[in-house]
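# Per-entry structural report
So you can see what is in the structure, the chains are spelled out below.
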Amino acid sequence: MKGDKRTVLVLVLVLVIVILLGFIGYLFLINPALNGLVVRGYNQGQVDTINAILLQISNSGYVQLPAGNNQTLILVPYQPQLQQ
């Protein structure tokens with residue numbers, strides 16, 4: 001009888017330790033790796049968007065961006081005037 005209780009207690013403690021190790025492993029290993037992928041993807045999205053805008057400006061000479069409330073932002077290439 002006592003041996004059965006000790007076996008169950010040891011199994012429960014081992015299970016709790018395994019669950020805690022899994023949780024700590026997730027917090028310190030998996031979660032930061034996933035966050036790094038998200039940040040890297042976000043930065044790549046910004047670069048792709050800027051490149052697409054610049055490509056459209058170079059092809060058509062301007063780009064129209066919706067700015068909300070039925071307004072549009074028009075971007076054109078800047079051409080500084082040369083001073084004489």
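Residues numbered from 1 in each chain as written. Predicted model: local features only at pLDDT ≥ 70, side-chain atom pairs only at ≥ 80, totals over all residues. Heavy atoms only, no water.

### Regarding the overall build of the protein
The test is simple: Here a strand is any run of E in DSSP of at least two residues, a helix any run of H or I of at least four, and the numbering for each starts at the N terminus. The atom set for the radius of gyration is the C-alpha atoms, and the globule formula is 2.2 Å times the number of residues raised to the power 0.38. Accessibility here uses a 1.4 Å probe with only protein chains present; expressed as a share of the type maximum, an area under 20% marks a residue as buried, one over 50% as exposed, and anything in between as partly exposed.
Broken down by element type, the protein carries 1 helix and 2 strands. When its helices and strands are written in sequence order, the protein yields α-β-β. Relative to a compact globule of 84 residues, whose C-alpha radius of gyration would be 12 Å, the protein shows 29 Å and is clearly more extended. Oriented by its inertia axes, the alpha-carbon framework of the protein measures out at about 100 × 35 × 20 Å. In the protein, which comprises 84 residues, the share counted as buried stands at 2%.

### Observations concerning the environment of Gln 81
Within the fold, Gln 81 resides in the segment after β2 (71–75). It is 60 Å that separates the C-alpha atoms of Gln 81 and Gly 25, two residues lying 56 residues apart in sequence.

### Describing the pairing of β2
Applicable threshold: One bridge is not enough; two strands pair if DSSP finds at least two bridges between them.
By the bridge criterion, 5 bridges tie strand β1 (residues 63–68) to β2 in an arrangement that is antiparallel. Bridge pairing in β2 links Pro 66 to Thr 72. In sequence, β1 turns back onto β2 through a hairpin of 2 residues, with Asn 69 there showing a positive phi of about 50 degrees.

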